[in-house]
Amino acid sequence: MNAMNGLLEDGIGLMILGMGFVFLFLVVLIFATGYMSRLLNHLFPEVLVQKAPVTTTRSPAATGVDAQMTAVITAAVHQHRANKKS
């Protein structure tokens, strides 16, 4: 029974030691990635690109639906409603 307690204590000790090393590694990793991020932003700053003003001219294709298509759709809706009432 005494040997069993010694093995259990050794196992718990190894578990705590392993979890401690993993925790320490993750903390170091967090600080290292933060430092590298600041270093890269310092060495390679993001350059803002100013776009030239875009002048747009509206064409019938750019507005979506032209006048003839609007008339066709309106006529179809009126015909559908008239047939539905009959």
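About the thresholds
Positions within a chain are numbered from 1, following the residues in the order the chain's sequence is written. Owing to the predicted nature of the model, reporting of local features is limited to residues with pLDDT of at least 70; listing and counting of side-chain atom pairs is limited to 80 or more, with chain, interface and lining totals taken over all residues. Heavy atoms throughout the structure, all of them, feed into the side-chain values; hydrogens and water do not. Helix and strand definitions follow DSSP, with helices as H or I runs of at least four residues and strands as E runs of at least two, each counted in order from the N terminus. When accessible area is computed with a 1.4 Å probe and restricted to protein chains, residues below 20% of their type maximum are described as buried, those above 50% as exposed, and intermediate ones as partly exposed. Every patch collects residues that have over 30% relative accessible area and no salt bridge, joining them within 9 Å if they carry like charges and within 5 Å if they are nonpolar side chains (Val, Leu, Ile, Met, Phe, Trp, Tyr). The Shrake-Rupley method, run with a 1.4 Å probe, gives the accessible areas here. Residue values count only the displayed protein chains as cover. What makes a salt bridge here is a side-chain nitrogen of Lys or Arg within 4 Å of a carboxyl oxygen of Asp or Glu, nothing more. Per-residue confidence from the predictor is given as pLDDT, running between 0 and 100.

Quick look at the overall build of the protein now. Within the protein, the secondary structure is distributed over 3 helices and 0 strands. Mapped from its N terminus to its C terminus, the protein presents α and β elements in the order α-α-α. The proportion of buried residues among the 86 residues of the protein is 0%.

Right, let's talk about a nonpolar patch on the surface for a bit. Together, Tyr-35, Met-36, Leu-39, Leu-40, Leu-43 and Phe-44 give the surface a local cluster of nonpolar side chains, amounting to about 640 Å² of exposed area. With respect to the secondary-structure elements, Leu-43 resides in helix α1 (residues 2–43).

Take the confidence of the model for the protein next. Taken residue by residue, the protein gives an average pLDDT of 86. The fraction at 70 or more is 87%. Per-element confidence in the protein ranges from a low mean pLDDT of 56 for helix α2 (residues 60–63) to a high of 94 for α1.

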